[in-house]
Protein chains: 2
Amino acid sequence: MNDTGADAAADSSSDEAVAAASTPTGLSRRGLLGLAIGGGVAGLAVGAGAGLSGGVALGRARAAEDALAAYDFFGGHQAGITTPVQDHLHFASFDMMPRTDRDDLVSLLQDWTYAASRMTQGLDVSATGAVGGSAEEPPDDTGEAQGLPASGLTITIGFGPGLFENEDGDRYGIAASRPAALVRLPAFLGDDLDPQASHGDLCIQACADDPQVAVHAIRNLSRIAFGRARLRWSQLGFGKTSRTTAAQATPRNLFGFKDGTANILADDTAALDAHVWVADSDEPAWMAGGSYLVARKIAMLIETWDRVRLSEQDTIIGRDKGEGAPLSGGTELTEPDFSGSAIDANAHVRLAHPDQNDGIRILRRGYNYVDGNNDLGRLDAGLFFLSYQRDPAQFITLQRRLSTDLMNEYLRHVGSGIWAIPRGATAGSYIGAELFA
Amino acid sequence: MNDTGADAAADSSSDEAVAAASTPTGLSRRGLLGLAIGGGVAGLAVGAGAGLSGGVALGRARAAEDALAAYDFFGGHQAGITTPVQDHLHFASFDMMPRTDRDDLVSLLQDWTYAASRMTQGLDVSATGAVGGSAEEPPDDTGEAQGLPASGLTITIGFGPGLFENEDGDRYGIAASRPAALVRLPAFLGDDLDPQASHGDLCIQACADDPQVAVHAIRNLSRIAFGRARLRWSQLGFGKTSRTTAAQATPRNLFGFKDGTANILADDTAALDAHVWVADSDEPAWMAGGSYLVARKIAMLIETWDRVRLSEQDTIIGRDKGEGAPLSGGTELTEPDFSGSAIDANAHVRLAHPDQNDGIRILRRGYNYVDGNNDLGRLDAGLFFLSYQRDPAQFITLQRRLSTDLMNEYLRHVGSGIWAIPRGATAGSYIGAELFA
C-alpha cells in the first residue's frame with residue numbers, strides 16, 4: 001500500500017478543501033483529528049482530488065497484475081455482498097458516541113467512504129498515508145498493510161436500528177426515514193445472547209484474502225471514527241462457509257459438512273432481485289439497491305458433535321458428510337426430495353429449504369471462527385453467520401422454522417445484530433448519502 | 001483430505017495390530033477411545049501399515065501438483081522451525097490429565113505422531129478418516145479439512161518443564177532426563193502474565209497456509225488426547241512477523257514496522273547449528289537435533305502507539321518505518337551502525353542486536369494476533385512471539401537486555417511458555433522416543 005510519486009504530487013495542494021468538503025475527497029477535520037490526536041492537525045496536507053480518482057487509477061494499475069485483486073468501493077450495490085467470498089473476515093460493530101449530532105454522523109460516513117475507496121484499491125487511508133506525512137505528526141495510516149496488495153478487500157457498511165432511534169431519541173434526525181423492515185430481531189428459541197457480541201449503531205464487514213488487510217481496514221476505520229463512534233465488538237473469521245459463485249467449491253463448516261450448497265449465486269440476477277436487493281418499489285426509497293444484513297454468532301459444541309455417530313450426523317443435516325448429497329439420493333447439487341422419509345422431518349436441510357418456506361431464500365456469507373478455548377479445554381468455535389436479504393422478515397421466518405432443527409442441540413446463538421445496508425456510494429458522494437439528502 | 005480406494009483397502013486388516021503397536025502405525029486404543037467416546041471402538045479398522053507409507057505416497061502425489069504444499073513430519077529436525085513461515089498459526093498448550101502414567105504419555109506421543117504424519121500430507125487423522133468408517137461410529141476425523149490440500153501444514157511438538165516434574169512429582173519417570181537448560185522462565189520487567197495463556201506440559205505449534213487446516217490439526221490432536229491431556233490454552237495468529245528464507249519479503253507487525261529483517265534464515269546452516277539446534281555435544285543426549293521454544297503473548301497498545309509521531313516511532317524502533325533501514329543509514333538489509341548517536345541508546349534494534357549481546361541470536365517465528373476488542377473499544381491485538389534457540393538462556397539474556405527498550409511503553413507481556421523441542425521423529429518411531437528409550 002504505497003502511493004506513487006504521481007499520486008503524492010496530486011495531493012500537495014493546501015488543506016483548505018478539507019473544511020469545505022461535502023463529498024469525500026479527503027478526510028474531514030474530525031477524521032484527521034482522530035488520526036492526529038497525539039499531535040496537531042497542522043501540516044497534514046489532504047487536498048481535493050487526493051482520494052478517488054488517483055486511487056482508482058492506481059488500483060487499475062495493480063489490478064492489471066492481479067485481475068481479481070481489487071474491487072471498486074463505488075457502485076450501484078455495495079461490494080462484499082455478491083463479491084466472490086474472500087478467505088478472511090474482520091467484522092466490527094460500532095456505537096455512536098454520546099452527544100454526537102447529524103453532522104458528526106455525516107462526516108464519519110464521508111470519511112469512511114474516502115478511506116474505504118482507497119484501501120479497497122490497496123492504498124493507504126489517505127494520500128500521506130503511513131510514512132508520507134510530517135515526521136512530527138502521527139502517521140495517517142497505521143502501516144501494517146504497506147507492501148501488501150488490495151487482496152480483494154471489500155468494505156460493507158450498515159446502519160443499525162439504534163442509529164435511527166434509541167433511548168436517547170432521534171439523535172440524527174433520521175427516525176422518520178427508518179425502514180419499517182429494520183426491526184430489532186425477536187428472541188429466538190435457544191438464544192443466549194451476549195450484549196458485548198450483539199447489536200450496534202453501525203457495522204463494517206471487511207472481507208479480504210489476507211487477514212492482515214482486513215484487520216488493517218477495521219483498525220484504521222475505527223481510528224478515523226475517533227470521537228464520533230467507538231468499536232462495540234468485533235469478530236475475526238476464516239474459511240468462508242458459503243460461496244457466491246459456481247466456480248467456488250462449497251466450503252465446509254466446523255461440523256465437517258459442506259455448507260452453502262444452495263446459496264444464491266452472484267450471477268443469478270433474478271434471484272438477487274427477488275430475495276436480496278431492496279427494490280425501487282420497496283419503502284423507503286433511500287434503501288433501493290440496498291439490502292439487510294443479519295449477523296449471528298453461533299457457537300458450535302464441536303466436542304459434543306464429534307462424538308455423534310456418522311449416520312446420526314447425516315440424519316441431522318439431511319445430507320451425507322462426504323459428498324454433501326441429500327439423503328434422498330444423488331450428488332451434492334441434486335435437489336432434495338422431501339416427499340419420502342429419507343430426509344428426517346426435522347433435518348436441517350428440510351427446515352431451511354425454500355420449498356418448505358414458501359420459496360424464501362437468503363444470501364449467506366458466513367465464516368468459521370475460533371476464539372481460543374474455554375476453561376474446560378474446549379475450543380470456543382463456531383459459525384459467524386452473515387446473511388443478506390431484501391427484508392429481515394425472510395431471516396426471521398427461516399430462523400423460527402429452524403426451532404425444531406435437530407442441529408440445535410449442538411448450537412448456541414451467542415451474538416446477534418441487524419443492519420440496513422444502503423446502496424453503494426456513487427463516486428464523488430458517500431455511503432448513505434440518500435438517507436441524509 | 002480424502003483417502004484413495006487403494007489406501008482404504010490397505011487398511012482393511014483387523015485391528016489386532018493396534019493393541020501391539022509400539023510404533024505409530026495407527027492410533028492406540030486410547031486414541032481411538034478419544035475419537036469414539038460416544039460409541040464403541042468395535043468396528044474401527046486401523047491396521048499396521050495404514051499410516052505412514054500410504055500417507056507419504058499420497059502426499060507425494062499431491063505434492064506433484066503443488067510442490068511446496070506438503071512437508072514431511074519425519075526428519076532429523078522437526079518441521080515448522082526452519083520451514084518457510086506459513087501464513088497462519090494455531091498454537092495449543094496442553095496439560096497432562098491427573099493420574100496419567102508413563103504409558104499414557106508414550107501412547108499419546110505415538111498417536112500424535114501417527115496423526116501428524118498423515119495430516120501434514122493432506123490426509124485425515126486415520127485411514128478411515130472423516131467418512132470412511134462405520135456409520136454407527138463417530139468419524140475418526142472431524143471433517144472440516146476434507147477437500148483441502150496439505151496447505152504447507154507443519155506440526156511441531158514440545159515438552160514443558162512441568163512434564164518432567166511438577167507439584168505431583170516425577171509422574172512419568174523422566175525427571176532425571178530433564179535438560180538443565182529447560183528452566184522455568186524468570187519474571188521479566190513488564191510481565192503481566194495470565195496463567196490461562198501461559199505454560200503447559202506439552203505444546204503443539206500448527207502452521208499452515210490455510211487457517212482451516214491449522215485449526216483442523218489442533219482440533220483433531222486435542223480430540224486424540226482425550227483422557228490423557230487437555231487443552232490448556234490456544235492462540236490463533238496470522239500475518240507472520242518473521243521470515244525464514246531470503247525469498248520471503250519481510251512482513252510487518254501491528255506497529256506497522258518490518259519485523260524479522262535480521263532473522264536467522266533456513267539456509268544459514270552455520271548460524272542454525274550455532275544458535276538454534278541442540279548439538280550432539282550438548283546435554284542431555286536425547287535433545288541432540290532439537291531446540292527450545294519460547295512463546296510470549298505480547299499485547300500491543302496499538303491505539304496509543306498510533307498517536308505517536310512518526311519520528312518518535314522511528315526513534316523507538318531504530319529504523320525508518322517505510323523502508324525499514326537502520327537510522328544510521330542505508331537500506332533495509334544494511335547493518336546498523338551503533339557507533340554514532342543516530343540510533344538511540346535504548347532503541348529496539350540496538351538492544352536486540354547480536355553485536356550488543358555478545359553475538360546472541362535466536363530464530364523468530366511469531367505471528368500477529370487480534371482477539372476482538374476490550375470494553376473500551378480497543379482492539380485486543382499484538383504479537384504472538386515464538387523463538388527457537390539452542391538454549392533458553394539466549395532468550396533470557398536478550399529479554400533482560402530489552403528491559404530499557406523504548407518500545408516497552410507500548411507492550412504488555414500477557415502470556416508465556418517454554419518447551420523443549422525434541423529432534424524430529426524417525427519414520428517408524430515417534431516424537432520424543434529418545435527421551436523414553
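Given the structure is predicted, the values throughout are model-derived calculations rather than measurements.

The rules behind these values
Residues numbered from 1 in each chain as written. Chains lettered and ligands numbered in written order. Predicted model: local features only at pLDDT ≥ 70, side-chain atom pairs only at ≥ 80, totals over all residues. Heavy atoms only, no water. Helix = DSSP H or I, 4+ residues; strand = E, 2+ residues; numbered from the N terminus. Contact = heavy atoms within 4.5 Å. Areas by Shrake-Rupley, 256 points an atom, 1.4 Å probe, with all protein chains shown as cover. Buried < 20%, exposed > 50% of the residue type's maximum accessible area, 1.4 Å probe, protein only. Pairing = 2+ DSSP bridges. Least-squares fit on C-alpha atoms with pLDDT ≥ 70 in both. Lys, Arg positive; Asp, Glu negative; His and termini not counted. Salt bridge = Lys/Arg side-chain N within 4 Å of Asp/Glu carboxyl O. Buried area = accessible area lost by both parts, 1.4 Å probe. Polar contact = N/O pair within 3.5 Å; in protein donor to acceptor, adjacent residues only side chain to side chain. Nonpolar A, V, L, I, M, F, W, Y, C, P; charged D, E, K, R; others polar. Axes fitted to C-alpha atoms, helices over the stretch in contact; angles between N-to-C directions. Parallel < 35°, antiparallel > 145°, perpendicular 65-115°, else oblique. Left-handed = near helix turned anticlockwise from the far one by under 90°. Expected span 1.5 Å × (residues − 1). UniProt positions renumbered as here; feature names shortened; annotations may be inferred. pLDDT = per-residue confidence, 0-100. Disulfide = S-S within 2.5 Å. Phe/Tyr/Trp six-rings, centres within 6.5 Å; stacked < 30°, edge-to-face > 60°.

Novice: Tell me about the overall build of chain A, residues and numbers included.
Specialist: Check the secondary structure of chain A and you find 13 helices and nine strands. By sequence separation, contacts in chain A at least 24 residues apart represent 76% of the contacts at least 6 residues apart. Working note: accessible area of chain A is about 15,000 Å², and carbon and sulfur atoms make up 51% of it.

Novice: Describe the pairing of strand β2 (residues 154-159) of chain B, naming the residues involved and giving the relevant values.
Specialist: Residue and element names in this part refer to chain B. Taking burial as the measure, the six residues of β2 include six buried ones, the bulk of the element. Burial along β2 is two-sided: the face carrying Thr154, Thr156 and Gly158 and the face carrying Ile155, Ile157 and Phe159 are both buried. Bridge count for β2 against strand β3 (residues 202-208) is six bridges, and the pairing is antiparallel. Residue pairing across strands places Thr156 opposite Gln205, the latter belonging to β3.

Novice: Break down the relation of the copies chain B and chain A for me, with residues and values.
Specialist: The transform that puts chain B on chain A rotates by 180 degrees and translates by 0.0 Å along the axis, for an RMSD of 0.0 Å. Put plainly, the chains are arranged around a two-fold axis. For chain B, the minimum C-alpha distance to the rotation axis belongs to Asp371 of chain B and amounts to 3.5 Å. Taken as a fraction of all interface residues of chain B, those also at the interface in chain A reach 100%, which identifies the copy contact as same-surface.

Novice: I'd like a description of the side chain of Asp405 of chain B, backed by residues and values.
Specialist: All names here are of chain B. Among the structural elements, Asp405 can be located in the loop between α12 (392-401) and β9 (411-421). No salt bridge is formed by the buried Asp405. Its closest oppositely charged neighbour is Arg364, at 9.2 Å. Setting aside anything within four residues of it in sequence, one finds Asp405 in contact with Ile316, Asn346, Ala347, His348 and Leu351.

Novice: Can you break down the interface of chain B and chain A residue by residue, with the values?
Specialist: It is common to give the size of an interface as the accessible area that goes away when the parts come together. Taken together, the 56 residues of chain B in the interface contact 56 residues of chain A. Between chain B and chain A the total buried area reaches about 4,400 Å² when both faces are included, carbon and sulfur atoms providing 56% of it. When the area that chain B buries against chain A is broken down by residue, the three leading residues are Arg219, Asp306 and Arg307 of chain B, summing to 14%. Across the contact surface, chain B and chain A share 29 residue pairs in polar contact (both at pLDDT 80 or more). If you list the elements that add at least two residues to the side of chain B that touches chain A, you get β1 (88-96), α7 (211-224), β4 (229-238), α10 (310-317) and β7 (367-373) of chain B. Tallying contributions element by element places β4 of chain B first for the side of chain B that touches chain A, with seven residues. Within the side of chain B that touches chain A, the residues separate by chemical class into 22 nonpolar, 20 polar and 14 charged.

Novice: Describe the packing of helix α5 (residues 102-119) of chain A against helix α7 (residues 211-224) of chain A, with residues and values.
Specialist: Residues and elements named next belong to chain A. Contact pair α5 / α7: the axes reach a minimum separation of 10 Å and the direction vectors enclose 155 degrees. In terms of their interaxial angle, α5 and α7 are classed as roughly antiparallel. α7 is crossed by α5, and the crossing has right-handed handedness. Across from Asp111, Trp112, Ala115 and Met119 in α5, the residues of α7 making contact are His216, Ala217, Asn220, Leu221 and Ile224.

Novice: Account for α7 of chain B, naming residues and giving values.
Specialist: Residues and elements named next belong to chain B. The terminal C-alpha atoms of α7, which comprises 14 residues, lie 20 Å apart, in line with the 20 Å expected from a rise of 1.5 Å per residue. Extensive coverage of α7 is indicated by the burial of 14 of its 14 residues. Two or three places before Gln212, at the opening of α7, Asp210 has a side-chain oxygen 2.8 Å from that residue's backbone nitrogen.

Novice: Give me the lowdown on the environment of Trp112 of chain A, citing residues and values where you can.
Specialist: Residue and element names in this part refer to chain A. Considering the arrangement of structural elements, one finds Trp112 in helix α5. On the basis of relative accessibility, which here comes to 0%, the residue Trp112 falls in the buried class. Taking C-alpha positions, Trp112 is 8.2 Å from Ile431, a pair spaced 319 residues apart along the chain. In this view, Trp112 contacts Phe94, Ile157, Leu202, Ile204, Leu221, Ile224 and Ala225; residues no more than four positions away in its chain are not counted. A distance of 3.0 Å separates a polar side-chain atom of Trp112 from the backbone oxygen of Leu221.

Novice: Give a description of the UniProt feature "domain: Dyp-type peroxidase C-terminal" (unreviewed entry) in chain A that names residues and reports values.
Specialist: According to UniProt, the feature "domain: Dyp-type peroxidase C-terminal" (unreviewed entry) maps to residues 250-424 of chain A in the numbering used here. Strand forms 23% of residues 250-424 of chain A and helix 19%; the C-alpha atoms that close the span are 27 Å apart.

Novice: I'd like a rundown of the confidence of the model for chain A, residues and numbers included.
Specialist: Residue and element names in this part refer to chain A. Here chain A averages 87 in pLDDT, and 86% of its residues register 70 or above. Under a pLDDT of 50 for its full length, residues 1-23 has, in the predicted model, 49 contacts with residues more than four places off or in other chains. In this model, residues 37-67 is a region of pLDDT below 50 whose contacts with residues beyond four sequence positions or in other chains number 64 contacts. Here the complex is predicted with pTM 0.89, and the ipTM for its interfaces comes to 0.88.

Novice: Could you give me a rundown of the state of the cysteines, with the residues and numbers involved?
Specialist: Residues and elements named next belong to chain A. Taken as a whole and assessed by the stated rule, the structure comprises zero disulfides over all chains. You can see Cys203 has no disulfide; the closest cysteine sulfur is in Cys207, sitting 11 Å from it. Residue classification places Cys203 among the buried positions, given a relative accessible area of 0%.

Novice: Can you explain the pattern of salt bridges? Please cite residues and give values.
Specialist: Residues and elements named next belong to chain A. Tallying each qualifying case throughout the model produces 26 salt bridges over all chains. Of the charged contacts, one joins Arg232 and Asp95 as a salt bridge, the two residues approaching to 2.7 Å between their closest N and O atoms. In this pair, Arg232 is assigned in strand β4 (residues 229-238) and Asp95 in strand β1 (residues 88-96), connecting sequence segments 137 residues apart. Relative accessible area serves as the criterion here: at 24%, Arg232 is assigned to the partly exposed category. Judged by relative accessible area, Asp95 falls into the partly exposed class, the value being 22%.

Novice: A description of the environment of Ser222 of chain A should follow, citing residues and the corresponding values.
Specialist: Within the secondary structure, Ser222 of chain A sits in helix α7. Ser222 of chain A has contacts with Phe94 and Leu231 of chain A, leaving out every residue within four places of it along the chain.

Novice: Could you give an account of the packing of aromatic side chains, naming the residues involved and the relevant values?
Specialist: Residues and elements named next belong to chain A. Following the criterion strictly, the structure yields 28 aromatic pairs over all chains and no others. Between Trp233 and Phe384, the ring centres sit 6.1 Å apart and the planes meet at 65 degrees, which makes this aromatic pair edge-to-face. One end of the pair, Trp233, is in strand β4; the other, Phe384, is in strand β8 (residues 379-389), with 151 residues separating them in the sequence. Residue classification places Phe384 among the buried residues on the basis of a relative accessible area of 0%. Geometrically, the ring pair formed by Trp305 and Tyr410 is edge-to-face, given 5.3 Å between the ring centres and 80 degrees between the ring planes. Within this pair, whereas Trp305 is found in helix α9 (residues 302-305), its partner Tyr410 is found in the loop between α12 (392-401) and β9 (411-421), the two being separated by 105 residues in sequence.

Novice: I'd like to hear about the environment of Gln399 of chain A, residue by residue, with values.
Specialist: Residues and elements named next belong to chain A. By the secondary structure assignment, Gln399 is in helix α12. For Gln399, a relative accessible area of 13% corresponds to the buried category. Among residues more than four places away in sequence, those in contact with Gln399 are Phe188 and His413.

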